[in-house]
Amino acid sequence: MINSVMKVNYKRFARIQLSLLITSSALLLHCGQAFANTNLEQDVVTLTSAQFSGRKTATQGAQLAAEFISERFISLGYTVDEQTFAYQSGLFGKAFGRNVVATKSSHCEKCEKIIFTAHYDHLGQKGSRLYPGANDNASGVAALLYLASYFAEKPKQYQLVFVATDAEENGLHGSEYLVSTLNKDEIKLNINLDMLVVNPRKPRIYAFLDNQSLAQYQTDIKTLSDKQITFMATSSSARLNRLFDLNVDWRRASDHYSFAKVGIPYIYFGIGHDKHHHQSTDTTAHIDFTLFESAMKKIAEFVEKLPS
């Protein structure tokens, strides 16, 4: 009985907090501090607000973020399930995370699935310093919600599953657990969304794919390019590293790796390098929301035209 009461009270508390967050975000937008006027932008502003405390896994901020994301999916007509998982933390410790999974019933119950992923966790707060994680990865979660909204009422040739993953920052634990629950023979593709804030000085979106997917989708991705944004497709970490002067294994860089390890095709959409990555300066101040939304419209267009 005590546990049940605590659960109900927490849910009620979370809903009140979320209401306050959404209201305060709307006030910020109204006052012009974030220059936002769409759900895509409002979601980023809300997720980076101080009340979420940087969304570090297993904190109240992360719990509030999961509740907010769940409510957003429900408002779009989706059924939401939560996956609670445990993972090793340190030599002998155990930590817990929470994925948010959104689905919608369709006539296409036997169709292949496209799994969209975006991690919502970030670095949290270190002392008095807040790490808001606007690009990493409030942008990806906002993109996930944007696509869920875009496809909510459209006829689909695939089953679409939208997953906000937890515990990406400390080891891809949420996506690993998610993949362990899937039948890979039912999955057509993973589309992973991580760091999508387009740099106005070099407006590019990079799609990193497995070799099979590169051969299948490279042309379609490149044709998304227009005067505003260039889309580039590659399966080569070396090629991306030459562009950014980095030494990163892009196959392992985010949640798509959990799919890659079991042979599920994937596309990772992102901007690659960001000088504000894992810094307290990763804020909404550095987001060109017009370019961000243009990029999302293009990605939605790509998904809509995927061949059966």
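Criteria and thresholds
Residues numbered from 1 in each chain as written. Predicted model: local features only at pLDDT ≥ 70, side-chain atom pairs only at ≥ 80, totals over all residues. Heavy atoms only, no water. Helix = DSSP H or I, 4+ residues; strand = E, 2+ residues; numbered from the N terminus. Contact = heavy atoms within 4.5 Å. Areas by Shrake-Rupley, 256 points an atom, 1.4 Å probe, with all protein chains shown as cover. Buried < 20%, exposed > 50% of the residue type's maximum accessible area, 1.4 Å probe, protein only. Polar contact = N/O pair within 3.5 Å; in protein donor to acceptor, adjacent residues only side chain to side chain. Core = buried A, V, L, I, M, F, W, Y, C linked by side-chain atoms within 4.5 Å. Pairing = 2+ DSSP bridges. Axes fitted to C-alpha atoms, helices over the stretch in contact; angles between N-to-C directions. Lys, Arg positive; Asp, Glu negative; His and termini not counted. Salt bridge = Lys/Arg side-chain N within 4 Å of Asp/Glu carboxyl O. Expected span 1.5 Å × (residues − 1). 1 Å grid on protein atoms, 1.4 Å probe; cavity = no way out; pocket = protein on both sides within 12 Å on 5 of 7 lines; lining within 4 Å. Points joined across faces, edges and corners; volume = space filled by probe spheres on them. Nonpolar A, V, L, I, M, F, W, Y, C, P; charged D, E, K, R; others polar.

Enquirer: Can you walk me through the overall build of the protein in this structure?
Expert: The helix and strand inventory of the protein stands at nine helices and 10 strands. The long-range fraction of contacts in the protein, counting pairs at least 24 apart against all pairs at least 6 apart in sequence, stands at 77%. Total accessible area on the protein stands at roughly 14,500 Å², and carbon and sulfur atoms take up 51% of it.

Enquirer: Honestly, the environment of Asp210 in this entry has me stumped. Any pointers?
Expert: Checked against the element boundaries, Asp210 lands in the loop between strand 8 (204-209) and helix 6 (211-222). Judged by its relative accessible area of 15%, Asp210 falls in the buried class. Separated by 56 residues in the primary sequence, Asp210 and Tyr266 place their C-alpha atoms 6.2 Å from one another. Engagement of the side chain of Asp210 in a polar contact is seen with the backbone nitrogen of Tyr266, the distance being 2.8 Å.

Enquirer: I keep staring at the nonpolar core and nothing clicks. Help me out?
Expert: Soluble globular proteins tend to bury their nonpolar side chains together. Counting 65 residues, the largest nonpolar core has Phe73, Leu147, Phe162 and Phe269 as its most contacted members. Once residues lying within four places of it in the same chain are set aside, the contact partners of Phe73 are Tyr78, Val80, Val100, Ala102, Leu144, Leu145, Ala148 and Phe162. Core analysis: the next-biggest nonpolar cluster, separate from the first, contains 11 residues, Phe208, Phe244, Tyr257 and Tyr266 among them.

Enquirer: What is the right way to read the environment of Gly133 from this model?
Expert: In this structure, Gly133 sits in the loop between strand 5 (129-131) and helix 4 (134-151). Separated by 150 residues in the primary sequence, Gly133 and Thr283 have C-alpha atoms spaced 6.6 Å apart.

Enquirer: Got a minute to help me understand the sheet that holds strand 3 (residues 113-119) in this structure?
Expert: By definition, the strands of a sheet pair up through backbone hydrogen bonds, in either a parallel or an antiparallel sense. Spatial ordering of the open sheet is given by 1-2-6-3-7-10-8-9, a layout of eight strands whose pairing is mixed. One side of each edge strand has no neighbouring strand; the edge strands of this open sheet are strand 1 (79-89) and strand 9 (230-234). Neighbour-to-neighbour, the strand axes of the sheet open up by a mean angle of 20 degrees, direction not taken into account. When strand 1 meets strand 2 (residues 93-103), the two strands line up antiparallel, connected through 11 bridges. Note on strand 2: the bridge partner recorded for Thr79 is Thr103. Packing of helix 5 (residues 173-180) onto the sheet brings it into contact with strand 1, strand 2, strand 3 and strand 6 (159-165), and relative to strand 1 it is tilted by some 115 degrees.

Enquirer: How do you make sense of helix 5 when you look at a structure like this?
Expert: For an α-helix the count is 3.6 residues per turn, leaving residues at separations of three or four pointing the same way. When we look at burial in helix 5, the residues that qualify are His173, Gly174, Ser175, Leu178 and Val179. Tucked inside the fold, the buried residues of helix 5 contact strand 1, strand 2, strand 3, strand 6 and helix 8 (256-260).

Enquirer: Would you mind going over the side chain of Lys188 with me for this structure?
Expert: Within the secondary structure, Lys188 is located in strand 7 (residues 187-193). For the buried residue Lys188, which engages in no salt bridge, the nearest side chain bearing the opposite charge is Glu112, 4.5 Å off.

Enquirer: Hey, could you run me through helix 6 in this one?
Expert: Compared with the 16 Å implied by 1.5 Å per residue over 12 residues, the 16 Å span of helix 6 between its first and last C-alpha is a close match. Tucked inside the fold, the buried residues of helix 6 contact strand 7, strand 8, strand 9, strand 10 (266-270) and helix 9 (289-304). Where helix 6 starts, the residue carrying a side-chain oxygen 3.3 Å from the main-chain nitrogen of Gln212 turns out to be Asp210.

Enquirer: Can you walk me through the layout of surface pockets in this structure?
Expert: Think of a ball as big as a water molecule: rolled over the atoms, this probe shows where empty space is left. Considered as a void within the structure, the largest pocket measures approximately 490 Å³ in volume. Lining the largest pocket are 21 residues; nearest its centre among them are Asn199, Arg201, Ile271, His273 and Asp274. Listing elements by their share of the lining of the largest pocket, those giving two or more residues are helix 4, strand 8 and helix 7 (237-244). Classifying every residue of the lining of the largest pocket by side-chain character gives nine nonpolar, six polar and six charged.

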